[in-house]
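# Observations on the three-dimensional arrangement
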Amino acid sequence: MSTSEQVPAEPRAPMSLSPSRASDFMQCPLLYRFRVIDRLPEKPSAAATRGTLVHAVLERLFDDPAAERTASRAKSMVPGQWERLLASKPELAELFAEDPDGERLAGWLGEAEGLVERWFALEDPTRLEPAERELFVETELDSGLRLRGVIDRVDVAPSGDVRIVDYKTGKAPRPEYRDGALFQMTFYALVVWRLKKVIPRRLQLVYLGSGEVLTYDPVEADLLRVERKLLALWEAIRLATESGDWRPRPTKLCGWCDHQAVCPEFGGTPPVYPLKIVSARPPESGGSGQGRMDPAQPSS
């Protein structure tokens, strides 16, 4: 069955927030609905899949002894990790369905190898021993909001200082857009703080696309600020869930959206809202939205 023929998964109410789903809602509430509530299928993306592949290589390279963590070794892992990824998600074969000679696939794998190799100019894996890799974290705030996500790498210094590292296969954002880029990292820092009672010493974004490293040293005020933002966001999600009012927010990113056919901005009609509408009243100020909710499946 091709991706376009897949049947949407069973709809469900939002039950937790991850950085990616929080970003979805901020980008476009209707997109959030399609992904979280309707759970509409989406076509595999070559760029996103390449990112997953590169992440897998950088994670598993640390299985080798330090002296063997070389660029050539990492590049040699790319084809095998692609086969492993393909075995777990056969639908990814659609990406190269019209590539009988394998030229596009070879070029795509070459791009992944180039990104892996660039990492060695930014960090030295022979001098790193991560405390955690691909670490799934979740916590429940006092409000009842459950936060969850997957951290690419956690380093712990002999002093106990914690560094959270995230790999990005794209280019570093311009300075005026860096707050948005750091949202994911401060989200993770908040979760780690609530879980471990330790504020991470450093947040580090490694941009393999442009060969840059962005760092930020958070303080308690930063994490309290992101917590307030998430609580306000969750309240907006709760109100939209109850009213069924999920409005599209057109931006230049709409051109990349898989759901144009069911989006009013493109002349489409969304599926019938699958959840019970509790109230169609306008949002009221002062709502808490703090009822306890059961966890959903982790988002990537």
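Our subject is the structure listed above.
Below is a summary of the structure that appears in this document. (Residues numbered from 1 in each chain as written. Predicted model: local features only at pLDDT ≥ 70, side-chain atom pairs only at ≥ 80, totals over all residues. Heavy atoms only, no water.)

We now examine the nonpolar core. Generally speaking, soluble globular proteins have nonpolar side chains that are buried together. Core analysis: the biggest nonpolar cluster contains 46 residues, and Leu17, Leu147, Ile164, Leu230, Ile237 and Trp246 have the highest contact counts within it. Mapped onto this core, the elements with two or more residues apiece are α1 (19-27), α2 (29-37), β2 (146-156), β3 (162-168), α7 (178-196), β4 (202-207) and α8 (220-243). When residues of this core are assigned to their parent elements, the largest contribution, 11 residues, is made by α7. If we skip the residues at most four places from it in the chain, Trp246 touches Phe25, Pro29, Leu30, Tyr32, Arg33, Ile37, Ile237, Ala240, Thr241 and Tyr273. (Core = buried A, V, L, I, M, F, W, Y, C linked by side-chain atoms within 4.5 Å. Buried < 20%, exposed > 50% of the residue type's maximum accessible area, 1.4 Å probe, protein only. Helix = DSSP H or I, 4+ residues; strand = E, 2+ residues; numbered from the N terminus. Contact = heavy atoms within 4.5 Å.)

With respect to topology, five strands assemble into an open sheet ordered β1-β2-β3-β4-β5, the strand pairing being mixed. Here the strands that pair on one side only, and so sit at the sheet edges, are β1 (132-140) and β5 (212-216). Sheet twist, expressed as the mean angle between neighbouring strand axes with direction ignored, is 35°. The pairing of β2 with β3 spans four bridges and is classified as antiparallel. Bridge pairing in β3 places Val154 opposite Ile164. The sheet contacts of helix α3 (residues 46-60) involve β1, β2 and β3, and relative to β1 the element is tilted by about 105°. (Pairing = 2+ DSSP bridges. Axes fitted to C-alpha atoms, helices over the stretch in contact; angles between N-to-C directions.)

Here the focus is unusual backbone geometry. A positive phi angle, near 55°, is found at Arg39, a position not held by glycine. Considering the arrangement of structural elements, one finds Arg39 in the loop between α2 and α3. Of note in the backbone geometry, Lys197 takes a positive phi value of approximately 60° without being a glycine. By secondary structure assignment, the location of Lys197 is in the loop between α7 and β4. What makes Lys197 exposed here is its relative accessible area of 66%.

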